[in-house]
Amino acid sequence: MTIEERIDLSETRVCSTVFPFLTNHHDTLFGGKALAIMDEVAFMAATRFCRKPLVTVSSDRINFEQAIPSGSIIEAVARVDHVGRTSIRVRVKIYLEKMYEQFREQAIEGVFTFVALGPDKKPIPILEGI
């Protein structure tokens, strides 16, 4: 299987409803909750790609482009962006959908990097032969 095929198969999508308990004092999705959703979906995509134990080592360039109001539907889409020797980078986009209208737009985007760890908790290759 090629790396491109693995990337396609590992793309991960998670949908959720933004209920009031997930919002801040502006009645929009709390930024920390958005980051947690993004980290989790990125972790799933990276794990599906390499099937190895991973830890998050960084989150970069998180752009909050659009506030996400309570009562919205969101879809988090994670796709492997780069594969290094022991690390893997995943780009995550969160899309905002209005509950009762035909409306969808990208609201948040960020990049998460993970490192594969062996039983001794030291970095190991993401893929054999890389």
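Going by the structure above, here's the rest.
Computed from a predicted structure; not experimentally measured.

What follows deals with the overall build of the chain. Looking only at helices and strands, the chain has 2 helices and 5 strands in total. Each helix and strand of the chain, placed in order from N terminus to C terminus, yields the pattern α-β-α-β-β-β-β. Dimensions of the chain along its principal axes, counting C-alpha atoms only, are 50 × 30 × 20 Å. In the chain, the proportion of contacts linking residues at least 24 apart, taken out of those at least 6 apart, comes to 70%. Accessible area of the chain: about 7,400 Å², with a carbon and sulfur share of 53%. Of the side-chain charges in the chain, 16 are positive and 17 negative, and the distance between the mean point of each set is 6 Å.

For the coordinates displayed, the defined rule picks out 2 aromatic pairs. Geometrically, the ring pair formed by Phe19 and Phe21 is stacked, given 6.1 Å between the ring centres and 15 degrees between the ring planes. In this structure Phe19 comes out as partly exposed when scored by relative accessible area, which is 44%. Overall, the relative accessible area of 68% leaves Phe21 in the exposed class. Sitting above the plane of the Tyr95 ring, Arg104 keeps its charged end 4.2 Å from the centroid.

Before going further, it helps to examine unusual backbone geometry. Phi at Asp27 is positive, roughly 65 degrees, even though this residue is not glycine. A relative accessible area of 43% means that Asp27 is categorised as partly exposed. Unlike most non-glycine residues, Lys121 shows phi in positive territory, near 70 degrees. By the element assignment, Lys121 lies in the segment after β5 (104-116). For Lys121, a relative accessible area of 63% gives the class exposed.

The next thing to look at is the side chain of Ser10. Tracing the backbone through its elements, the reader meets Ser10 in helix α1 (residues 3-10). Ser10 has contacts with Ala45, Arg48, Phe49 and Val80, leaving out every residue within four places of it along the chain.

Let's shift gears to the sheet that holds strand β4 (residues 87-97). Pairing within the open sheet is antiparallel, and its 5 strands lie in the order β1-β3-β4-β5-β2. Here the strands that pair on one side only, and so sit at the sheet edges, are β1 (12-17) and β2 (54-64). Here the strands of the sheet are splayed against their neighbours by 25 degrees on average, with no regard to which way each runs. Here 11 bridges tie β4 to β5, and the two strands are oriented antiparallel to one another. Paired with Ser87 across the two strands is Val115, which belongs to β5. Together, β1, β2, β3 (73-83), β4 and β5 form the strand contacts of helix α2 (residues 31-50), whose direction differs from that of β5 by roughly 55 degrees.

α2 packs onto α1 with a crossing angle of 140 degrees between their chain directions and a minimal axis gap of 8 Å. With respect to their mutual orientation, α1 and α2 come out oblique. In the crossing of α1 with α2, the sense of the turn from one axis to the other is right-handed. Residues Ile3, Arg6, Ile7, Leu9 and Ser10 of α1 lie in contact with α2, whose contacting residues are Ala45, Arg48, Phe49 and Cys50. When its residues are assigned to classes, the contact of α1 with α2 shows 6 nonpolar, 1 polar and 2 charged.

Procedures and definitions
Think of each chain on its own: its residues are numbered from 1, step by step along the sequence as written. Thresholds applied to this predicted model are a pLDDT of at least 70 for local features of residues and 80 or more for the giving and counting of side-chain atom pairs; totals over whole chains, interfaces and linings are not thresholded and use all residues. Side-chain calculation: all heavy atoms of the structure are included, whereas hydrogens and water are not. Elements are defined by DSSP. Helices are runs of H or I of four residues or more, strands are runs of E of two residues or more, and each kind is numbered from the N terminus. Whether two residues are in contact is decided by their heavy atoms: any pair within 4.5 Å suffices. The Shrake-Rupley method, run with a 1.4 Å probe, gives the accessible areas here. Residue values count only the displayed protein chains as cover. By the counting rule applied here, Lys and Arg register as positive and Asp and Glu as negative, while His and the ends of each chain are not counted. Working definition for charges: the position is that of NZ of Lys, CZ of Arg, CG of Asp or CD of Glu. Stacked, edge-to-face and tilted are the three classes for Phe, Tyr and Trp ring pairs, Trp counted by its six-membered ring, which pair at centre distances within 6.5 Å; planes under 30 degrees apart are stacked, over 60 edge-to-face, the rest tilted. Throughout, exposure labels follow a simple rule: accessible area from a 1.4 Å probe, protein chains only, divided by the maximum for the residue type, with under 20% read as buried, over 50% as exposed, and the rest as partly exposed. Lysine and arginine charges are scored as sitting over a ring when NZ or CZ, respectively, is within 6 Å of the ring centre and within 35 degrees of the ring normal. Strands were regarded as paired on the criterion that DSSP finds at least two bridges between them. In this description, a line fitted to the C-alpha atoms serves as the axis of each element, helices being fitted only across the stretch in contact, and the angle between N-to-C directions of two axes falls anywhere from 0 to 180 degrees. Working definition: roughly parallel below 35 degrees, roughly antiparallel above 145 degrees, roughly perpendicular at 65 to 115 degrees, and oblique for all remaining angles. Crossing handedness: left-handed means the near helix sits turned counterclockwise from the far one by under a right angle, and right-handed means the same turn made clockwise. The residue classification treats Ala, Val, Leu, Ile, Met, Phe, Trp, Tyr, Cys and Pro as nonpolar and Asp, Glu, Lys and Arg as charged. All others, Gly included, are polar.

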